[in-house]
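Now for the letters of each chain:
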Amino acid sequence: MSKKIFCIVMSILLAFGLTGDLTGSPAAGRVRAAQPVQAGITLDCARRYYSPKELREYIDLLAGRSGSFLQLHLTDNENVGIECAFLGQTEKKADKTADGACRNPRTKGLFLTDKEIKDLITYAQKRNVDLVPEIDAPAHMGGFLKLAENSSQKEACDLQADDGELDLSDPQSVVFVQKLYDEYAALFQGCRYFHIGCDELFSATDEDAAAYISQISGLLMQKGYTVRIWNDLLTKSNIRKISRKIQVTYWSYDGDTEDPDEKSARRASRVSAAQLQSLGFQVLLYNSYYLYYIPSADNDSTEDRAYMVNDLKAHWDLHCWDGEDGTRLKSTTGIAGAAISVWGEDSKGISDAEIYRQTKALYEAMISKM
């Protein structure tokens, strides 16, 4: 190539921002390949125990598809399903079950150890699957508060505004939560995403909720994470205060309330998926009608399971965000992906194998529509 032609080519590349390091090393200006639409599975590891072996099986299921992730919902009101040195839940102090799982001798809750988590991170990375920790706050904090009650941090129990909800008007609530996230940010080092919950909080003002989200997301962004949150606390009055760098996992416009007045009020105040699109947010669809699986011995028949899979295949796609009959999105701009969520509160009596089979069927049905 002549010097003159080379200069012309370089001028064109520079004009469109297409240049990189011509030696072949990464550079900020190089064109990035389009990110694949992400597809994942969320497992409720707080209210149902999944062994490391079982979690590796879910990682294997997800492996082989670019953009796959396994989200671990590790904490909830009933239990903290992960080691917590800050509040005294450690492998050293735990009882061991016959299968080798760790059980808190005070709360009787089963939990994954730091070592097991680190091994899972390594395994997921080898399989090209993103492991996404979810430490749910500032609601669903009951599990942490039970640990605090039996630890040197008993004063944290005074921070509760409502059942399992921290009082965000008290600055000490944020201090308490930051210490938890400091511990888990260090543990999950090497993971790209971190989910901080932010669902079903009803005791805080929109302004306090926005301030909380900004503080905690900022802490984790500084540590190198892309932060994800549930959509519940994003309202028309506070959305302009929320960083567009945060990814939103959108599960329900109205929190699936059965009260018609509550439903109307929440839909009037909360931000829709379409509005998040228009504001430039990245959104992942967790549609609670089509993409939620809540195993229950009372209503988990073979017919029910088949219906769920067939209904998803027939009626769901990446435009469908608002339950069964909601308004469809006009485009998939900003829709970063979707996930099947498996919630464990009613799963007693359902075998691990049954849950895996149905989750696999739902996941495969979902990706077939993506």
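Residues numbered from 1 in each chain as written. Predicted model: local features only at pLDDT ≥ 70, side-chain atom pairs only at ≥ 80, totals over all residues. Heavy atoms only, no water.

Caption draft 1: Structural view of the overall build of the chain. The helix and strand inventory of the chain stands at 10 helices and 14 strands. Here the C-alpha radius of gyration of the chain, 22 Å, is about what a compact globule of 370 residues would show, namely 21 Å. By its C-alpha atoms, the chain is 75 × 45 × 45 Å across when sized along the principal axes. A buried classification covers 51% of the 370 residues belonging to the chain. (Helix = DSSP H or I, 4+ residues; strand = E, 2+ residues; numbered from the N terminus. Rg over C-alpha atoms; globule rule 2.2 N^0.38 Å. Buried < 20%, exposed > 50% of the residue type's maximum accessible area, 1.4 Å probe, protein only.)

Caption draft 2: Summary view of the pattern of salt bridges. Counted by the stated rule, this structure contains 18 salt bridges. Salt-bridge contacts for Glu-262 lead to Arg-266; the nearest nitrogen and oxygen are separated by 3.6 Å. Here Glu-262 and its partner Arg-266 are both found in helix α7 (residues 260-269), four residues apart, which amounts to about one turn of the helix. The salt bridge involving Arg-267 is made with Asp-322; its shortest N-O contact spans 2.9 Å. Taken as a pair, Arg-267 in helix α7 and Asp-322 in the loop between α9 (302-315) and β14 (335-342) lie far apart in primary sequence, 55 residues in all. Within this structure, Asp-44, Arg-47, Asp-76 and Glu-345 form a network of salt bridges that share partners. (Salt bridge = Lys/Arg side-chain N within 4 Å of Asp/Glu carboxyl O.)

Caption draft 3: Here's a closer look at the confidence of the model for the chain. Per-chain confidence: the chain averages 91 in pLDDT, with 91% of residues scoring 70 or above. Contacts of residues 1-33 to residues separated by more than four positions or lying in other chains number 19 contacts, the stretch itself having pLDDT below 50. (pLDDT = per-residue confidence, 0-100. Contact = heavy atoms within 4.5 Å.)

Caption draft 4: Up close: the side chain of Asn-287. With respect to the helices, strands and loops of the structure, Asn-287 is situated in the loop between β12 (282-285) and β13 (292-293). We classify Asn-287 as buried; its relative accessible area is 0%. Asn-287 has contacts with Tyr-250, Trp-251, Tyr-292, Trp-316, Cys-320, Trp-321, Asp-322 and Gly-323, leaving out every residue within four places of it along the chain.

Caption draft 5: Looking closely at the sheet that holds strand β3 (residues 95-96). Spatial strand order, β3-β4-β5: three strands in an open sheet with antiparallel pairing. Every other strand in the sheet has two partners, leaving β3 and β5 (110-111) as the edge strands with one partner each. Here β3 runs beside strand β4 (residues 102-103); their pairing, made up of two bridges, is antiparallel. Paired with Lys-96 across the bridge in β4 is Cys-102. (Pairing = 2+ DSSP bridges.)

Caption draft 6: Summary view of the environment of Ala-101. Residue placement: Ala-101 occurs in the loop between β3 and β4. Taking the C-alpha atoms as reference points, Ala-101 and Ser-66, 35 residues apart in sequence, are found 32 Å from one another.

Caption draft 7: Quick look at the packing of helix α2 (residues 52-62) against helix α3 (residues 114-126). At a closest axis distance of 10 Å, the pairing of α2 and α3 adopts a crossing angle of 20°. Judged by the inter-axis angle, α2 sits roughly parallel to α3. By crossing handedness, the relation of α2 to α3 is classed as right-handed. Residues Pro-52, Leu-55, Arg-56, Ile-59 and Asp-60 of α2 touch α3, and the partners they reach there are Glu-116, Leu-120, Tyr-123 and Ala-124. (Axes fitted to C-alpha atoms, helices over the stretch in contact; angles between N-to-C directions. Parallel < 35°, antiparallel > 145°, perpendicular 65-115°, else oblique. Left-handed = near helix turned anticlockwise from the far one by under 90°.)

Caption draft 8: Highlighting the packing of aromatic side chains. The tally for this structure, following the rule as stated, stands at 14 aromatic pairs. For the pair Phe-144 and Tyr-184, a centre-to-centre distance of 6.5 Å together with 45° between the ring planes defines the contact as tilted. Of the two residues, Phe-144 sits in helix α4 (residues 142-149) while Tyr-184 sits in helix α5 (residues 171-187), which places them 40 residues apart along the sequence. Given a relative accessible area of 1%, Phe-144 falls into the buried group. Where Tyr-253 meets Trp-321, the ring centres are 5.1 Å apart and the plane angle is 55°; that geometry is what we call tilted. (Phe/Tyr/Trp six-rings, centres within 6.5 Å; stacked < 30°, edge-to-face > 60°.)

Caption draft 9: Highlighting the pairing of strand β1 (residues 38-44). Where burial is concerned, most of β1 is hidden: seven out of the seven residues are buried. Burial along β1 is two-sided: Gln-38, Gly-40, Thr-42 and Asp-44 and Ala-39, Ile-41 and Leu-43, pointing in opposite directions, are all buried. Here β1 pairs with β14 via six bridges, running parallel. Counterpart to Thr-42 in the pairing with β14 is Ser-341. By the bridge criterion, six bridges tie β1 to strand β2 (residues 68-73) in an arrangement that is parallel.

Caption draft 10: Quick peek at α9. End to end, α9 covers 20 Å across 14 residues, agreeing with the expected 20 Å (1.5 Å per residue, within 8%). Listed in full, the buried residues belonging to α9 are Arg-305, Val-309, Asp-311 and Leu-312. Buried residues of α9, viewed axially, fall in a sector of 165°; they line one side. Exposed residues pointing more than 90 degrees away from the buried face of α9 are listed as Thr-302, Glu-303, Tyr-307 and Ala-314. Buried residues along α9 sit in contact with β13, β14 and α10 (352-368). (Expected span 1.5 Å × (residues − 1). Arc of directions from axis to C-beta.)

Caption draft 11: Highlighting the packing of α9 against α10. Running from N to C, α9 and α10 cross one another at 15°; their axes reach a closest spacing of 8 Å. Judged on the interaxial angle alone, α10 and α9 are roughly parallel. The hand of the α9/α10 crossing is right-handed. Side by side, α9 and α10 meet where Arg-305, Met-308, Val-309, Leu-312 and Lys-313 of the first sit next to Glu-354, Gln-358, Ala-361, Leu-362, Ala-365 and Met-366 of the second. Class assignment for the residues of the contact of α9 with α10 results in seven nonpolar, one polar and three charged. (Nonpolar A, V, L, I, M, F, W, Y, C, P; charged D, E, K, R; others polar.)

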